[in-house]
Amino acid sequence: WTVEQFYRYAKEELDSGNFGGAVKAYEALEARYPFGRYAQQAQLDIAYAYYRDNETAQAVSAADRFMKLHPNHQYVDYALYIKGLAYFKPDLGMFGELLNLVASERDPKALRESFEVFKDLVVRFPESRYAEDARSRMAYLVNSMAANEVHVARYYLKRGAYVAAANRAQFAIKTYPNTPVVEEALFVLLTAYDKLGMTDLRDDTERVMKKNFPESRLYAEGLERKKAWWQLW
């Protein structure tokens, strides 16, 4: 086969959704014709095929390989984009679907790695065709990382680990101050201080919450539950 025939066959496999077959075909192309634009495109397409096949580690490795071999290539921004997408995509398989897991309940390591890759992309290539989408995904990732911290704080609160709950809630508030989960983080912090009997800190947190979230449903429901508990006595 000519290099064009190899590439055409590999592209047909990729377009048909046979990502494993596409990878093998691209690898065969690169082995037979290791130099030139077709080999370079094959390396990029391998990263994309692995990403589409939910093979995160292989997609990242393939993207890194391309950038190492061709640091000044015109499509380095695309390689970064694929790498960021590989980390971004919830690689949860059937267990994630069964458990209905969301981004805030995932291991935050992949979320942080995805954020850093997209950040690298928009800093190095602000005019890239992929930069706008990368920025949107970064905003989503910040909210997801903040939600993950509050998710953990809620878990500690339910387990009675009030100090740990307060620490995680404080971290979420300080690290992600402009995210939607700050309201819930403040409520977790308020509840933890109340359970610990730290009245001064509880009252300070309560004032902050009333000032910033005067119509908070969480705060109103918390007061109702507390009132009902005291009425039982």
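The model shown is predicted, which means the values in this text are computed figures rather than measured ones. (Residues numbered from 1 in each chain as written. Predicted model: local features only at pLDDT ≥ 70, side-chain atom pairs only at ≥ 80, totals over all residues. Heavy atoms only, no water.)

Tallied over the full model, the rule gives twelve aromatic pairs. Seen in terms of ring centroids, Tyr 81 and Tyr 130 are 4.8 Å apart; in terms of plane orientation they differ by 20°. Their pairing is stacked. Within this pair, whereas Tyr 81 is found in helix 5 (residues 76-88), its partner Tyr 130 is found in the loop between helix 7 (108-124) and helix 8 (131-158), the two being separated by 49 residues in sequence. Taken together, Tyr 78, Tyr 81, Phe 88, Phe 118, Tyr 130 and Tyr 140 form an aromatic cluster joined through their ring pairs. The cationic tip of Arg 37 hangs over the ring face of Tyr 38; the distance from NZ or CZ to the ring centre is 4.5 Å. Above the ring of Phe 88, the side-chain terminus of Arg 137 is found at 4.7 Å from the ring centroid. (Phe/Tyr/Trp six-rings, centres within 6.5 Å; stacked < 30°, edge-to-face > 60°. Helix = DSSP H or I, 4+ residues; strand = E, 2+ residues; numbered from the N terminus. Lys NZ or Arg CZ within 6 Å of the ring centre and 35° of its normal.)

With that out of the way, let us pick up the environment of Leu 218. Take Leu 218: it is sitting in helix 12 (residues 217-232). In this structure the C-alpha to C-alpha distance between Leu 218 and Glu 184, which are 34 residues apart in sequence, comes to 7.3 Å. Once residues within four sequence positions are removed from consideration, Leu 218 is found in contact with Glu 183, Glu 184 and Phe 187. (Contact = heavy atoms within 4.5 Å.)

Mapped onto the secondary structure, Ser 216 falls in the loop between helix 11 (199-212) and helix 12. Looking at Ser 216, its side chain comes within polar contact range of the side chain of Glu 183, at 2.7 Å. (Polar contact = N/O pair within 3.5 Å; in protein donor to acceptor, adjacent residues only side chain to side chain.)

Moving on to the pattern of salt bridges. Taken as a whole and judged by the stated rule, the model has eleven salt bridges. A salt bridge links Lys 83 to Asp 64, with the nearest nitrogen and oxygen atoms 2.9 Å apart. Of this pair, Lys 83 sits in helix 5 while Asp 64 is found in helix 4 (residues 56-69), placing the two residues 19 residues apart along the sequence. Look at Lys 83 and you get buried, because its relative accessible area is 16%. For the salt bridge of Asp 194 with Arg 202, the shortest nitrogen-to-oxygen distance reads 3.0 Å. The exposure class assigned to Asp 194 is partly exposed, which follows from its relative accessible area of 27%. When salt bridges with common partners are traced through the structure, they connect Asp 194, Arg 202 and Asp 203 into a single cluster. (Salt bridge = Lys/Arg side-chain N within 4 Å of Asp/Glu carboxyl O. Buried < 20%, exposed > 50% of the residue type's maximum accessible area, 1.4 Å probe, protein only.)

There is a patch of nonpolar side chains on the surface, built from Val 163, Leu 196, Met 198 and Leu 201 and spanning about 300 Å² of accessible area. Mapped onto the elements, Leu 201 comes out in helix 11. (Patch = residues over 30% accessible without salt bridge, like charges linked within 9 Å, V, L, I, M, F, W, Y side chains within 5 Å. Areas by Shrake-Rupley, 256 points an atom, 1.4 Å probe, with all protein chains shown as cover.)

On to the packing of helix 5 against helix 7, then. Viewed as axis vectors pointing N to C, helix 5 and helix 7 meet at an angle of 160°, and their least axial separation amounts to 8 Å. Classified by the angle their axes make, helix 5 and helix 7 are roughly antiparallel. Considering how the two elements wind past one another, helix 5 and helix 7 form a crossing that is left-handed. For the pair helix 5 and helix 7, contact is made by Val 76, Asp 77, Leu 80, Tyr 81, Lys 83, Gly 84, Leu 85, Tyr 87 and Phe 88 and by Ala 110, Glu 113, Ser 114, Val 117, Phe 118, Asp 120, Leu 121 and Arg 124, respectively. Of the residues in the contact of helix 5 with helix 7, the class split is ten nonpolar, two polar and five charged. (Axes fitted to C-alpha atoms, helices over the stretch in contact; angles between N-to-C directions. Parallel < 35°, antiparallel > 145°, perpendicular 65-115°, else oblique. Left-handed = near helix turned anticlockwise from the far one by under 90°. Nonpolar A, V, L, I, M, F, W, Y, C, P; charged D, E, K, R; others polar.)

Okay, the side chain of Glu 149 next. Relative to the assigned elements, Glu 149 resides in helix 8. What makes Glu 149 buried here is its relative accessible area of 8%. Side chain to side chain, Glu 149 and Arg 168 meet in a polar contact 2.8 Å long. For Glu 149, the residues in contact, after removing those within four places along its chain, are Arg 168, Phe 171, Ala 172 and Tyr 176.

This next bit is on the nonpolar core. Membership of the largest hydrophobic core comes to 54 residues, with the highest contact counts inside it found for Tyr 26, Leu 29, Met 67, Phe 118 and Leu 121. Looking at this core, the elements with two or more residues in it are helix 1 (3-15), helix 2 (19-32), helix 3 (37-52), helix 4, helix 5, helix 7 and helix 8. Among the elements that line this core, the one with the most residues is helix 5, at ten residues. Counting residues in each nonpolar core, the second largest holds nine residues, with Ala 153, Leu 157, Ala 169 and Val 188 among its members. (Core = buried A, V, L, I, M, F, W, Y, C linked by side-chain atoms within 4.5 Å.)

The backbone of Asn 54 shows a phi angle near 60°, a positive value even though the residue is not glycine. Given a relative accessible area of 36%, Asn 54 falls into the partly exposed group.

Further remarks concern the confidence of the model for the protein. Per-residue confidence for the protein gives a mean pLDDT of 87, with 87% of residues at or over 70. Scored below 50 in pLDDT, residues 91-101 makes seven contacts in the model with residues more than four places away or belonging to other chains. (pLDDT = per-residue confidence, 0-100.)

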